[in-house]
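# Coordinate inspection notes
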Amino acid sequence: HMPYSINFTLPIKQVKLLFILFLILIVSCGGDNGASLRVFAASSLTGAFKDVARAFEAENSGVEVKLDFGGSQRLRSQLEFGAKADIFASADSIQMDLLVAANLVSGTPTDFASNALVVIANSNGPVTNLSDLGKPEVRVVLGQESVPVGAYSRQVLENLSNDVGLGLGSGFKDDVLANLASGEPNASLAFQKVVLGEVAAGIVYETDIVFASETRVSEMSFIAIPKKANVSAMYPIALLKDAPEPELARAFVEFVLSEAGQHILDAHGFSSP
């Protein structure tokens, strides 16, 4: 009868081992779902999306929202080169449309916020009104032409030049571009250049007014751009095709579009689309 007892003890050892492995697996998975969501978002959304992410995490226990901010154009190209994320929130439809064309978006992008432009200037500097941007020797910063804030800025300069009623003159855009000290890869860096005093003025998003007050940036003044010459910068959001967490991503987009999400965006100076 000996062989039977030997054969009998081996399976028990294996069962014990399997049971231990099973316990380890349960513990390592944790009690919550422990999921993490990766969101690529335009740099102008930094303050707003940090608050949105915190509110979303509070409603979904165990979920961590990882935020990657940058120029929409740079983020879009990272995604095209294989970067993994669940969601893309762009500062314009151009970058989003390119991602759609590259077949990297799941479903249809939705506009969730809008923004406009404003001139930021050093309070004790040479720029106190719009016409000063075109005066000789005035150092100005804009976003690069290829990024949303840069494209919008050039459109606004074009609009200001073409509006005879404003009296800035048809050469205004060229005069301002002649004063360009640098083109920045995103809106945040353009804002920083002015705050650091490296340039006299720049064109940034209206939401930067709220950001400046939150971060207590003094010595700055904001010069309004007439509504008829301004742009309405639409921000689309979309799920990405190979999203590691598609269900969670869908819930995040729904939260951004919800009353609670829109309320947070509103508090950061964004308008509803």
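Note that the structure is a prediction, hence the values are computed from the model and not measured.

Of all residues in the protein chain, 88% attain a pLDDT of 70 or more, and the chain-wide mean is 91. Note on residues 2-10: pLDDT is under 50 here. Beyond four places in sequence and across chains, it has zero contacts.

Okay, the sheet that holds strand β3 (residues 87-89) next. Remark on secondary structure: sheet strands pair via backbone hydrogen bonds, oriented parallel or antiparallel. Strand order in the open sheet formed by five strands is β2-β1-β3-β10-β4, with mixed pairing between adjacent strands. Every other strand in the sheet has two partners, leaving β2 (64-70) and β4 (105-115) as the edge strands with one partner each. Each neighbouring strand pair of the sheet contributes to a mean axis angle of 20°, computed without reference to strand direction. Of the pairings in the sheet, the one linking β4 to strand β10 (residues 233-240) comprises seven bridges and is antiparallel in character. Within β10, the position partnered with N115 by the bridge is A233.

Let's shift gears to the pairing of strand β6 (residues 140-143). Looking down a regular strand, the side chains alternate between one sheet face and the other. Of the two faces of β6, the one carrying V140 and L142 and the one carrying V141 and G143 are both buried. Note: β6 against strand β7 (residues 180-184), four bridges, orientation parallel. Among the inter-strand pairings, V140 is bridged to a residue of β7, identified as L180.

Further remarks concern the nonpolar core. As a rule of thumb, soluble globular proteins bury nonpolar side chains together. In terms of nonpolar packing, the biggest core is built from 57 residues, with L45, F49, F112 and F252 touching the most fellow members. Dropping the residues within four chain positions of it, F252 is found in contact with L37, V39, F49, V52, A53, F56, V65 and I87.

Quick look at empty space enclosed by the protein now. Summed over the entire model, instances satisfying the criterion amount to one cavity of 30 Å³ or more. Approximately 60 Å³ is the volume found for the largest cavity. Lining the largest cavity are 13 residues, and of these S43, G71, S72, N186 and A187 lie nearest its centre. Broken down by class, the residue content of the lining of the largest cavity amounts to seven nonpolar, six polar and no charged.

Another point: the sheet that holds strand β9 (residues 220-224). Strand order in the open sheet formed by five strands is β7-β6-β8-β5-β9, with mixed pairing between adjacent strands. Among the strands making up the open sheet, the edge pair consists of β7 and β9. Each neighbouring strand pair of the sheet contributes to a mean axis angle of 30°, computed without reference to strand direction. Strand direction decides the pairing type here: strand β5 (residues 117-122) and strand β8 (residues 201-205), joined by five bridges, are antiparallel. Paired with I120 across the bridge in β8 is G202.

This part is about the environment of L75. Inspection of the secondary structure puts L75 in helix α3 (residues 72-80). For L75, a relative accessible area of 1% translates into the label buried. Each C-alpha atom of the pair L75 and F40 lies 6.7 Å from the other, and the pair is 35 residues apart in sequence. Setting aside residues no more than four positions away along its own chain, L75 makes contact with F40, A41, A42, D68, F69, G70 and F88.

Once that is clear, we can look at the pattern of salt bridges. Enumeration according to the criterion identifies ten salt bridges in this entry. Residue K228 is joined to D163 by a salt bridge in which the shortest nitrogen-to-oxygen separation is 3.5 Å. Residue K228 is found in the loop between β9 and β10, and its partner D163 is found in the loop between α5 (148-162) and α6 (172-178); the two are separated by 65 residues along the sequence. Of the residues examined, D163 reaches a relative accessible area of 18% and is grouped as buried. Residues joined in a network through salt bridges with shared partners are E184, K193 and E198.

Basis of the calculations
Per-chain numbering applies: the sequence of each chain, read as written, is numbered from 1 onward. Per-residue local features of the predicted model are confined to residues with pLDDT of at least 70, and side-chain atom pairs are confined, for both listing and counting, to 80 or more; whole-chain, interface and lining totals are unaffected and use all residues. To obtain the side-chain values, all non-hydrogen atoms of the structure were included, while hydrogens and water were left out. As a per-residue quantity, pLDDT reports the predictor's confidence and falls between 0 and 100. Only heavy atoms enter the contact rule, under which two residues are in contact if any of them lie within 4.5 Å. When DSSP locates at least two bridges between a pair of strands, those strands are taken to pair. Helix and strand definitions here come from DSSP, where helices need a minimum of 4 consecutive H or I residues and strands a minimum of 2 consecutive E residues; each element is numbered from the N-terminal end. Where helices are involved, their axes are fitted lines through C-alpha atoms of the stretch in contact, as for all axes, and angles between N-to-C directions lie from 0 to 180°. Only protein chains enter the calculation, and the probe is 1.4 Å; a residue is then buried if its accessible area is under 20% of its type maximum, exposed if over 50%, and partly exposed in between. Residues belong to a common nonpolar core when they are buried Ala, Val, Leu, Ile, Met, Phe, Trp, Tyr or Cys residues joined through side-chain atoms within 4.5 Å. The method works on a 1 Å grid over the protein atoms by themselves. A cavity is a set of points holding a 1.4 Å probe that cannot get out, a pocket is an open set with protein on both sides within 12 Å along at least five of seven lines, and residues with an atom within 4 Å of a point line them. Grid points are joined across faces, edges and corners, and a volume is the space filled by probe spheres set on the points. The residue classification treats Ala, Val, Leu, Ile, Met, Phe, Trp, Tyr, Cys and Pro as nonpolar and Asp, Glu, Lys and Arg as charged. All others, Gly included, are polar. Counted as salt bridges are all cases of a side-chain nitrogen of Lys or Arg within 4 Å of a carboxyl oxygen of Asp or Glu.

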